[in-house]
Amino acid sequence: MIASTVIALGVSALGVNAPGPLAIFGLAPGATVLIGVLAFACWLGWRLGGGANTKIPVGIPIFVAAAGNDPRFAKLVSRYLMSACFWLLLGSAFGLLVAFKLVDPELLTDSSALTFGRVRPAHTMIVLFGWAGLALVGMGLYVVAKSAWLPMHQPLQRWELGAGNLALALWNAGVAGGVLLLLSGHVNAGREYRMFVWPAMVPIAIAVLLLAVLVYRLLARRQVKGVYISGWFILSALVWIAVVVVMGYQPRWTSGVADRVIDGYYIHNAVGMFFTPLAVGLTYYVLPKLLNKPIYSYALGVLGFFTHIVFYTVIGTHHYVHTAIPQWLETTSVVFSVAMIVPVWASTGNFLLTMKGERLAIAHSYSLPFIVVGVIAYGVASLQGSAESLPWVQETLHLTHYTVGHAHFAMYAFVSFLAWGAIYGLLPRLTGREPPVALVGVHFWLALAGILIYVLSMCIGGEQQGAAWVQGKSFMESVRLMSPYLVWRAVGGVLMFASHICFAVALWRMRPGAFSMAFGHQGASGLGQGEA
Amino acid sequence: MAFNIHQSHKMILLLPAGMYLLLVILCAVVPAEIERQREAQAPPAPEHPLVEKGRAVFRQLNCGACHTQQVRGDEHLALEIDGRRIVPVLAADRRFASEATGSAHYDHEDPAMMGTQRTGPDLTGVGARLPGTAWHHWHLHDPRAVSPDSVMPAYRFLYVDELPADAKDYEEVGRIDGLTGGPKLYATPKAVALVEYLLSMQGVKR
Ligand code: HEM
């Protein structure tokens, strides 16, 4: 598999500079990269999808599974998810506003608070830290407690619950305060994904430390010998992000090229040492759980974990190739960006092989399709990222809208879809309430259609933008040629936003119910449960 | 008993954390510190209070969301001419300068506004390219009045068409060619400083 990955990457990279054979198809470089990886993913899905011994897992009914759960734990996890969902709605509303502003630049230009330069970081900060962070951490708490086999009726002790609630309150306060400060002009400018000024980041950092201690405690109290791989990813992600935030806000390297060295490091470590390991860690638990079978290869998971540390940490400078940053650092970052294929495909391949032959189970589940999309997107978006890091690819694609397409492919189709898959798959087991299946279906298809339109329009448009620059056309021509793609992006964005409303309703329907509250400690027989 | 990482939560905390810290030191702390030392040798930036104020406005409005300040070059093709090292510019960036930006360009700039997305043109040499104060004011006031298909937002809130009673440091904006009608325009102190900053960007330094 790794061999074919390398070939796919090689072929798509070749297309970038090749005027020869590939030009026959009229394919532009960026489109070639994208089509190459998509074709590879389709082939892989086709190879892995088939299989004769399809079986449907015989799960226990949700309300029985949930009986005996600690209602306070259910409430805690649910609170994380509801906060995350609130930030998702607000953050993607800001995202829509940004998208609309590039279609109609006169939109809401009367005040400095809603000017493009402030709304854009408001969008990224809210969706990254508000939505993705809280959703993944909330589910992470559940997965850690369950995979540590902590007693169902009391997974968290009292002070642990308190720490969980306090961390949530601090985190929410940090995001809310950060956004308000940001809109009112307190911008940590030029520093992507850390656009909040430091006072807003302090509560978030404290929350991260609290959560790290909490997760460590839960793992230490486990009732089984081994620590399951999900726990490795989730605990480490919290430790790593603590380091990343400190590095991002330290006062020493804040000017000149040193500042940019830290910036490159920060941008990619915030994403890759936090959201990625959390999403992957969750999936190592959710996927086998929902399919009722063990993960294909545990050892591959461990390999993925350690190579993730070694390769991912180093790749940040690929955001600043061809700049004044020392050449050795640029080169190292590119080499390791390509090496990222190893951890990515260790996990992606592991997940796909676990899913092999489970077509029917997937078709009959409302949560597994999210996971299928998320897993494929993880593999494909990462291959895309490896290709984008190559210096000769950067000559055309870097600084264009192509990057925005890649960012959403990764943070949305990969991270957000896996978060949704985990929520739909596990939350009902905790609260005893299932969401309306049709609504989840609408969520899935709207989100998928939306993100595909979004990513394709940005990648194709961005590639043409870059090609226009290379060909020496006037800058305004590159602005003009983007306009239809920016409209398509806004269309995709509307579908995505609509899907988030479905998610919000579905999440509300999964809220901890009277059942798990009243019968929680008695291990009830399941009488009187309405919604399942 | 043989050591087994799978069963030790302590090791699962410490080993990845240790590996990570080590790599962070190698790939971030060390290069950042080297650059910091180099920067410390560089002469201090000349003082221009108005330019500094303009830079602050640029940051507050986060113009860097759409504008880079980096002209990219290929280090592998670098030439030594008269003892000066020249890095040729990438094809895509040739419109902005004939030489790539060097590290000296960012010395003492906190933060260095290199940028990661080029929705609008690179601004490295904008002051040399567009030297007219009035042009910048009319452009900021209404980008589409001077550049029809622009997607840059209007910054009308930085201007007034009547001077307030207690006006201080306001500037009347002169007319420019091709712009007919419209109100009289007065730039607020923020706009005055911002344009001073834009005009100060005279091209790459190495
Ligand atoms: C309705 C849904 C969404 C819409 C309409 C939307 C739209 C946008 C827009 C217009 C930008 C700025 C791009 C530019 O400057 O041209 C952006 C940036 C970004 N968005 Fe979203 N977004 C949405 C959802 C999300 C979600 C859910 C996430 C993450 C979980 C996300 C992550 C990001 C990131 C990381 C960037 C920065 C990209 C970069 O700097 O390269 N977005 N988004």
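Residues numbered from 1 in each chain as written. Chains lettered and ligands numbered in written order. Predicted model: local features only at pLDDT ≥ 70, side-chain atom pairs only at ≥ 80, totals over all residues. Heavy atoms only, no water.

With that out of the way, let us pick up the coordination of the iron atom of the ligand. All names here are of chain A. At the metal site, the iron atom of the ligand is ligated by H123 (NE2) and H408 (NE2), and these contacts range over 2.0 Å. Considering all six donor atoms around the iron atom of the ligand, angles at the metal cover 84 to 179° and the coordination shape is octahedral. With a gap of 285 residues between them, H123 in helix α5 (residues 116-147) and H408 in helix α16 (residues 402-431) connect regions that are remote in the sequence. Of the residues examined, H123 reaches a relative accessible area of 14% and is grouped as buried. (Donors = N, O, S within 2.8 Å, 3.2 Å for Na, K, Ca; no water. Tetrahedral: all angles 85-135°; square planar, octahedral: opposite > 155°, others 65-115°. Helix = DSSP H or I, 4+ residues; strand = E, 2+ residues; numbered from the N terminus. Buried < 20%, exposed > 50% of the residue type's maximum accessible area, 1.4 Å probe, protein only.)

With that settled, consider the side chain of N269 of chain A. Looking at where N269 of chain A falls in the secondary structure, it is placed in helix α9 (residues 256-291). A polar atom in the side chain of N269 of chain A sits 2.9 Å from the backbone oxygen of Y265 of chain A. Contact partners of N269 of chain A, with chain neighbours within four places excluded, come to V244, F274, Y312 and T313 of chain A together with Y20 of chain B. (Polar contact = N/O pair within 3.5 Å; in protein donor to acceptor, adjacent residues only side chain to side chain. Contact = heavy atoms within 4.5 Å.)

Residues and elements named next belong to chain B. Parsing chain B into structural domains produces domain 1 (1-41) and domain 2 (42-200). Taken over C-alpha atoms, the centre of domain 1 sits 39 Å from the centre of domain 2. Facing the five residues of domain 1 at the interface are seven residues of domain 2. Of all residues in domain 1, the largest losses of buried area upon contact with domain 2 belong to R38, E39 and Q41, amounting jointly to 92% of the total for that side. Here domain 1 is connected to domain 2 by one salt bridge. Across the salt bridge formed by D107 and R38, the nearest N and O atoms sit 3.3 Å from each other. Per-class residue counts for the side of domain 1 that touches domain 2 are one nonpolar, one polar and three charged. (Domains from an automatic or database assignment. Buried area = accessible area lost by both parts, 1.4 Å probe. Salt bridge = Lys/Arg side-chain N within 4 Å of Asp/Glu carboxyl O. Nonpolar A, V, L, I, M, F, W, Y, C, P; charged D, E, K, R; others polar.)

With that settled, consider the site of the ligand. Taken together, the neighbourhood of the ligand is formed by 28 residues, with R120, H123, E192, H401 and H408 of chain A sitting nearest. With respect to the ligand, its neighbouring residues span chains A and B. Here a nitrogen atom of the ligand and a side-chain polar atom of Y454 of chain A are 3.4 Å apart. Contributions of two or more residues to the shell around the ligand are made by α4 (71-103), α5, α16 and α18 (475-509) of chain A. The element contributing the most residues to the shell around the ligand is α16 of chain A, with seven residues. Per-class residue counts for the shell around the ligand are 15 nonpolar, ten polar and three charged. (Near = heavy atom within 4 Å.)

Our next topic: α16 of chain A. All names here are of chain A. The end-to-end C-alpha distance of α16 is 41 Å, a good match for the 44 Å that 30 residues give at a rise of 1.5 Å each. The principal kink in α16, of about 30°, is found at G425, preceding the proline P428 by one to four residues. For α16, the buried fraction is high: 27 of the 30 residues fall into the buried class. Count one or two residues on from α16 and you reach G432, which has phi positive near 80°. (Expected span 1.5 Å × (residues − 1). Bend = angle between axes of the 7 residues up to and from the residue.)

Residues and elements named next belong to chain B. Overall, antiparallel pairing links the three strands, which are arranged β3-β5-β4 in an open sheet. With one partner strand each, in any of the chains shown, β3 (159-160) and β4 (171-172) form the two edges of the open sheet. Pairing analysis gives two bridges linking β4 to strand β5 (residues 186-187), with the strands arranged antiparallel. Looking across to β5, one finds that E171 is bridged to A187. (Pairing = 2+ DSSP bridges.)

Moving on to the pattern of salt bridges. All names here are of chain B. This structure, assessed with the given rule, holds 24 salt bridges over all chains. As a salt-bridge pair, R55 and E109 come within 3.6 Å of each other at their nearest N and O atoms. Pair noted here: R55 is in helix α2 (residues 49-60) and E109 is in the loop between β2 (84-86) and α3 (126-129), with a separation of 54 residues, a long-range link. Note on accessibility: R55 and E109 belong to one class, buried.

Take the interface of chain A and chain B next. On the chain B side, the residues contacting the 85 residues of chain A number 76 residues. Together, the buried faces of chain A and chain B total about 6800 Å²; carbon and sulfur atoms form 64% of this surface. Three residues stand out in chain A for area buried against chain B, namely H322, L399 and F475 of chain A, and they jointly supply 10% of the buried area on that side. One can count five salt bridges joining chain A with chain B. Linking R144 of chain B and E106 of chain A is a salt bridge whose minimum nitrogen-to-oxygen distance equals 2.8 Å. Run the count over chain A and chain B and you get 30 residue pairs in polar contact (both at pLDDT 80 or more). Looking at the side of chain A that touches chain B element by element, the count peaks at eleven residues for α9 of chain A.

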